[in-house]
Amino acid sequence: MLYKLSIKNIQKSIKDYTIYFLTLIFGVAVFYMFNSLDSQQAMMEVSKNTRDIIKLMVETLGYISVGVAVVLGFLIVYANNFLIKRRKKEFGLYMTLGMGKSQISKILLFETIWIGLFSLIVGLLIGVFCSQLMSVLVVKLFKADMSKYEFVFSGAALSKTIVCFGVMYGAVMFFNTFTISRYKLIDLLTAVRKNEKIKMKNPIACVFIFLASAVLLGWAYYMVTGNFENIKLNNLWIPILMGIVATFFIFWSLSGFILKVVQSRKGIYLKGNNMFVLRQIHNKINTTVFSITIICLLLFMTISLLSSGLSINRYLTKDLEEMTPVDINLIKQANLSNDKNKKQSNSQWTKEQMKDSHREISQTLKNCNMDMNILRDVVELKYYTVEGLTWERTLDSVFDSISEQYPYLRYETLEQIVKVSDYNRIAKLYGIKEYELKDEEYIVLCDFDSMVEFRNMALQEAPEITINGKTYKSKYDKCQEGYINMGTSHMNTGIYLVPDSCELKDSQIQYYFLAANYNGDTQEEKKEIEKIFADEEESKLLKELKKKSSIGELDGITKIATIESSVGITNIITFIAIYLGFIFLIASAAILALKELTETSDNKQRYGILRKIGMDDSMIHQSLFKQIGIFFLVPLCLAILHSVFGIQFALKLLSVHIKTKDLLPSILATAGFLVIIYGGYFLATFIQSKNMIKD
Amino acid sequence: MKQVLQVQQIEKYYGSKANLTKAIDDISFGVDEGEFIGIMGSSGSGKTTLLNCISTIDRVTAGHILLNGQDITKLKGKQLNAFRRQELGFIFQDFNLLDTLTAYENIALALTIQKVKAAEIDERVLEIAEKLDIKSILQKYPYQISGGQKQRVASARAIITNPKLVLADEPTGALDSKSARQLLDSFSVLNQYMGATILMVTHDAFTASYANRILFIKDGKIFNEIHKGDSSRKQFFEKIIDVVTLLGGALNDVI
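This text gives an overview of the structure that appears in the document.

What counts, and at which threshold
- Residues numbered from 1 in each chain as written.
- Chains lettered and ligands numbered in written order.
- Predicted model: local features only at pLDDT ≥ 70, side-chain atom pairs only at ≥ 80, totals over all residues.
- Heavy atoms only, no water.
- Helix = DSSP H or I, 4+ residues; strand = E, 2+ residues; numbered from the N terminus.
- Buried < 20%, exposed > 50% of the residue type's maximum accessible area, 1.4 Å probe, protein only.
- Contact = heavy atoms within 4.5 Å.
- Areas by Shrake-Rupley, 256 points an atom, 1.4 Å probe, with all protein chains shown as cover.
- Rg over C-alpha atoms; globule rule 2.2 N^0.38 Å.
- Buried area = accessible area lost by both parts, 1.4 Å probe.
- Salt bridge = Lys/Arg side-chain N within 4 Å of Asp/Glu carboxyl O.
- Polar contact = N/O pair within 3.5 Å; in protein donor to acceptor, adjacent residues only side chain to side chain.
- Nonpolar A, V, L, I, M, F, W, Y, C, P; charged D, E, K, R; others polar.
- Pairing = 2+ DSSP bridges.
- Axes fitted to C-alpha atoms, helices over the stretch in contact; angles between N-to-C directions.
- Phe/Tyr/Trp six-rings, centres within 6.5 Å; stacked < 30°, edge-to-face > 60°.
- Core = buried A, V, L, I, M, F, W, Y, C linked by side-chain atoms within 4.5 Å.
- Patch = residues over 30% accessible without salt bridge, like charges linked within 9 Å, V, L, I, M, F, W, Y side chains within 5 Å.
- Lys, Arg positive; Asp, Glu negative; His and termini not counted.
- Charge placed at Lys NZ, Arg CZ, Asp CG, Glu CD.
- Left-handed = near helix turned anticlockwise from the far one by under 90°.
- Right-handed = clockwise from strand over helix to strand, strands pointing away.

1. Quick look at the overall build of chain A
Next, step 1: Helices and strands together make up the secondary structure of chain A, namely 25 helices and 9 strands.
Next, step 2: Each of the 695 residues in chain A was classed as buried or not, and the buried ones make up 51%.
Next, step 3: In chain A, 84% of the contacts between residues at least 6 apart in sequence involve partners at least 24 apart.
Next, step 4: Taken as a whole, chain A presents about 33,900 Å² of accessible surface, with 61% of it coming from carbon and sulfur.

Written out as structure tokens, the structure reads:
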């Protein structure tokens, strides 16, 4: 009998709260999808480098899933408590019929088990199906070979999902039993009849608090953007806390504030259903301030995560092709020594390694029995350093302003010096600008944005440098474009080009450098050569190098690996952004939807009155639309405002310089995402509410 | 005198053919402009069904109801809503005030949904509040005022749109006797000084004694009809009690 009752109850509540149950199913499905990524077919078919990246991604997702489970757990427990409270009258009826509390708990237990099983099974089915679709996406992102497609099922993800959601439903059962045990029959029976006293706030206080919170919020915004330079990481909680408090009080006072403003304009207030809608909102905002604040913050995180996540993706991949003009760069430290005064690192070098550090890289490779025919277009050069020519010295005139902004910069770093003809050979290979120098002239090459700024300031003073007793002056009054080491973006912090006539000693060589292309025509041939330089387990060359030289684990960079890891990292960021964004979004939308639906069912009577005094159905629906719309829109609006500043802050914090123009696509993508999911929840809530107040 | 309401041989059946209940069985009557008519009957007599049919909440099975010459049984959908909004005023037993709105706003709402201009709304609300002696409570919420005050606010809301006919369904049902008397005095004000036509359904003889004319309904038919004429309210009350006694013990709730 209890069992039958619970089934009937579920049927009824599923009808009324479809949106919530759909959210549960979505939650399970998404949770499974992201946790099953590692066993996707696609993962088996990608290169080792990519596999490492994916491993990293799966690990990261694993940690993030804990956070996601917490958010979903919060949603489930919250929603459940909410629904239970609304059933007081029903429980009262059971108890007057002679049912004990333990039996009521049992009914709820059955219900939870059924809902849990149902959402898990359906959610997992959808998850398994959708993860197949997702592997297609993964293949596209990681450019894997998908000729052998197989249906994949991840046991690990399955058990993880079941355990996580099992714990959540367990918590729900515990909460239910606890809640029931505290109820008294008289309270249950009179629960409905108790007339809710409407606490009205003092409108003038509302106006005051609203303005005060707006100022507080403005100040928090200023702290994280306008005043960014002065903020320290360990004080970061101050603007964040200010933001949260301001958010709460803005919602707390908003309806009173608006009511006051609109009421003073009778033309608007006394028009159609405006009065009713405003009062409705003002009435329920009291009980919803807390959840609206949480929803707003969740939405804020969704928007910031998605748009900054997607922007970073674009930012990181933008310069990639341009920045990797050749297949490989190798670097080797020169003049190794175990002498304590001259030591470059803590390693103890062998005699063979020290001897090797006086050779050029091509010699080293030959010495390690490498067939030089696998490379072509080989260009080598030497980086020199001169004692005393440090950043502190060359940036002397602007030293104060820099050290204020970047106190942790290493100012004892020696400036790197390269002979101009050496550089021009590299530049020719890379297809970038070559330079000419007269005697006694030098050029500074730099393309790392913030360094360019400082160096330009310093170069304005036309400083002279001295190398081995000879003085040189700058050819230009600002830095020139150019680089030697390839990277994922423009990262050259400064290279001094000097005339070939400059007398630099071999003992002043800092690094040997080699740039070359693989001697292969197709991508497959190049990938084969790549293995010689990159496959730590298989490559004989790498073992030899480790033993005989200081190159060790390949001090260098290859085009293929750079692109793979860069694409990989941006993909991780994208995946995580979408994963978290989606969960936060459905959690907040579901809470809102649930709130609005119960609100509507509570207010059925009010709509009945409206109908009785002659309000058209269309007008009633309109007021319902306005109410639900405002409740969905208000937290969204504030969240968008938060994100405008939050995204700027996040990008500054990560030192990513993106122009607003470049942010646009990811912002549009985020907006689309929001409109579809959040808008979908809104529409579903509206339609369901409309059905609720029929008759 | 002009007849505001004409009820012509209406019938209302419930149930299927096999199990037919006649809630209203051939009722006809008319209401003159400015009249205060009471309808009495025990529970189950069909008086609420009759009221629902007149108020267009329910539909008749046969017959016609003419309000101001318009046949309301032929109206549909939006027309019906518009008709209800413009021509009828309602007073319910349980007040049906919106608890989120102040008294002022509850009254004003009836006008705002008719798209009356804001300045005019203010004027009209204050005017009616004065007449019904509720001016002092206009800024209060329903939970802050007494039942009698609530019902007067509801009456103000019903009358403010200048309806052709005010329908009151057991208006004193939820009031104590003092509040009930105050409310009924207000009804007299509405009826005599503002010219409102009121149709009131009640099973309480005392409440009914404020009307000019009373129709008694039993088993879906008009059983009797009495006029107040020139008699005092007390005499009229005694007349009502006589009829109630005649109707049989079914009407127990007399004072």
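2. As for the overall build of chain B
Next, step 1: Of the regular secondary structure elements, chain B holds 8 helices and 10 strands.
Next, step 2: For chain B, the C-alpha radius of gyration of 18 Å lies close to 18 Å, the compact-globule estimate for 255 residues.
Next, step 3: A burial count over chain B gives 56% of its 255 residues as buried.
Next, step 4: Once local pairs closer than 6 in sequence are excluded, the contacts in chain B between residues at least 24 apart make up 67%.

3. Topic: the interface of chain B and chain A
As a measure of interface size, the accessible area lost when the parts come together is often cited.
Next, step 1: Chain B puts 26 residues into the contact, and the matching count from chain A is 28 residues.
Next, step 2: Approximately 2,500 Å² of surface area, both sides summed, lies buried where chain B meets chain A, with 63% of it carried by carbon and sulfur atoms.
Next, step 3: The three residues of chain B that bury the most area against chain A are B:Thr100, B:Ile113 and B:Tyr143, which together make up 22% of that side's buried surface.
Next, step 4: Applying the counting criterion to the chain B and chain A interface returns 3 salt bridges.
Next, step 5: Notably, a salt bridge pairs A:Arg606 with B:Asp99, separated by 2.8 Å at the nearest N-O pair.
Next, step 6: The interface formed by chain B and chain A includes 6 residue pairs in polar contact (both at pLDDT 80 or more).
Next, step 7: Broken down by secondary-structure element, the contributors of at least two residues to the side of chain B that touches chain A are α2 (77-87), α3 (103-112) and α4 (118-131) of chain B.
Next, step 8: Per-element tally for the side of chain B that touches chain A: the top contributor is α3(B), with 5 residues.
Next, step 9: Of the residues in the side of chain B that touches chain A, the class split is 14 nonpolar, 5 polar and 7 charged.

4. Thoughts on the sheet that holds strand β10 (residues 221-227) of chain B
Within a beta sheet, neighbouring strands are joined by backbone hydrogen bonds and run either parallel or antiparallel to one another.
Residue and element names in this part refer to chain B.
Next, step 1: Spatial ordering of the open sheet is given by β6-β7-β8-β3-β9-β10, a layout of 6 strands whose pairing is mixed. The sheet is open, and its two edges are formed by β6 (88-91) and β10, each paired on a single side. Pairs of neighbouring strands in the sheet enclose a mean axial angle of 20 degrees, with direction left out of account.
Next, step 2: In this structure, strand β3 (residues 36-40) lies alongside strand β9 (residues 213-218), joined through 4 bridges in parallel fashion.

5. So, the packing of aromatic side chains
All names here are of chain A.
Next, step 1: Applying the stated criterion to the full structure yields 29 aromatic pairs over all chains.
Next, step 2: Relative to Tyr579, the ring of Phe34 has its centre 4.3 Å away and its plane inclined at 15 degrees; by these criteria the two rings are stacked. Highlighted residues: Phe34 in helix α2 (residues 18-35) and Tyr579 in helix α22 (residues 559-602), separated in sequence by 545 residues.
Next, step 3: Of the residues examined, Tyr579 reaches a relative accessible area of 0% and is grouped as buried.
Next, step 4: With a centroid separation of 6.3 Å and 75 degrees between ring planes, the pair formed by Tyr383 and Phe513 is classed as edge-to-face. Taken together, the positions of Tyr383 in strand β2 (residues 375-384) and Phe513 in strand β8 (residues 509-518) put the pair 130 residues apart, joining distant regions of the chain. Neither Tyr383 nor Phe513 differs from the other in exposure class; each is buried.
Next, step 5: Aromatic rings pair up to connect Phe625, Phe632, Tyr678, Phe682 and Phe686 into one cluster.

6. Some details on the pattern of salt bridges
Charged atoms that come close allow side chains of opposite charge to pair.
Next, step 1: Taken as a whole and judged by the stated rule, the model has 22 salt bridges over all chains.
Next, step 2: Residue B:Asp58 pairs with B:Lys12 through a salt bridge whose shortest N-O separation is 3.3 Å. With B:Asp58 in the loop between α1 (47-54) and β4 (62-67) and B:Lys12 in strand β1 (residues 3-14), this pair connects stretches of sequence that are 46 residues apart.
Next, step 3: Look at the salt bridges and you will find they share partners, linking A:Arg87, A:Glu90 and A:Glu111 into a network.

7. Section: the environment of A:Glu352
Residues and elements named next belong to chain A.
Next, step 1: Here Glu352 shows up in helix α14 (residues 351-356).
Next, step 2: Taking the relative accessible area as the measure of exposure, Glu352 reaches 39% and is therefore partly exposed.
Next, step 3: For the pair Glu352 and Thr288, spaced 64 residues apart in sequence, the C-alpha to C-alpha distance is 74 Å.

8. Quick look at the sheet that holds β1(B)
All names here are of chain B.
Next, step 1: Read from one edge of the open sheet, 4 strands run β2-β1-β4-β5, paired in antiparallel fashion. Of all strands in the sheet, those with a lone pairing partner are β2 (21-32) and β5 (70-71), marking the two edges.
Next, step 2: Taken together, the 9 bridges between β1 and β2 define a ladder with antiparallel strand orientation. Paired with Lys12 across the strands is Ile24, a residue of β2.

9. A few points about the nonpolar core
Next, step 1: Among the nonpolar cores identified, the biggest contains 159 residues, and B:Phe187 and B:Ile240 are the most heavily contacted of them.
Next, step 2: Looking at which element gives the most residues to this core, the answer is α22(A), with 18 residues.
Next, step 3: Within the second largest apolar cluster, 45 residues are counted, among which are A:Met370, A:Ile402, A:Tyr411 and A:Phe533.

10. Let's talk about a negative patch on the surface
Next, step 1: A cluster of acidic residues, A:Glu392, A:Asp396, A:Asp400 and A:Glu404, forms a negative patch at the surface.
Next, step 2: Classification of A:Asp400 as exposed rests on a relative accessible area of 62%.

11. Topic: the environment of B:Thr102
Next, step 1: Following the sequence through the fold, B:Thr102 ends up in the loop between β6 and α3.
Next, step 2: Separated by 38 residues in the primary sequence, B:Thr102 and B:Lys140 place their C-alpha atoms 5.2 Å from one another.

12. Observations concerning the packing of α2(A) against helix α7 (residues 155-182) of chain A
To describe two helices that pack against each other, one gives the angle between their axes and the distance between the axes.
Residues and elements named next belong to chain A.
Next, step 1: It is the contact of α2 with α7, at a shortest axis distance of 8 Å, that shows an interaxial angle of 145 degrees. Considering how the two elements wind past one another, α2 and α7 form a crossing that is right-handed. Residues Leu24, Gly27, Val28, Phe31, Tyr32 and Asn35 of α2 lie in contact with α7, whose contacting residues are Ala157, Leu158, Lys160, Thr161, Cys164, Phe165 and Tyr169.
Next, step 2: Looking at the contact of α2 with α7 residue by residue, the classes come out as 9 nonpolar, 3 polar and 1 charged.

13. Details of unusual backbone geometry
Residue and element names in this part refer to chain A.
Next, step 1: Positive phi outside glycine occurs at Asn468, with the angle close to 45 degrees.
Next, step 2: The residue Asn468 is located in the loop between β5 (464-467) and β6 (470-474) in this model.
Next, step 3: On the basis of relative accessible area, Asn468 is assigned to the partly exposed category, the value being 33%.

14. Regarding the pairing of strand β7 (residues 165-169) of chain B
Residue and element names in this part refer to chain B.
Next, step 1: Extensive coverage of β7 is indicated by the burial of 5 of its 5 residues.
Next, step 2: Covered by surrounding structure in β7 are Leu165, Leu167 and Asp169 together with Val166 and Ala168, the residues of both alternating faces.
Next, step 3: As defined by bridge partners, β6 adjoins β7 across 4 bridges and the pair is classed as parallel. Paired with Gly89 across the strands is Val166, a residue of β7.
Next, step 4: Pairing geometry for β7 and strand β8 (residues 198-202), over 4 bridges, is parallel. Following the sheet pairing, Ala168 is matched in β8 by Met200.
Next, step 5: Remark: the β7/helix α6 (residues 177-193)/β8 crossover connection has right-handed handedness.

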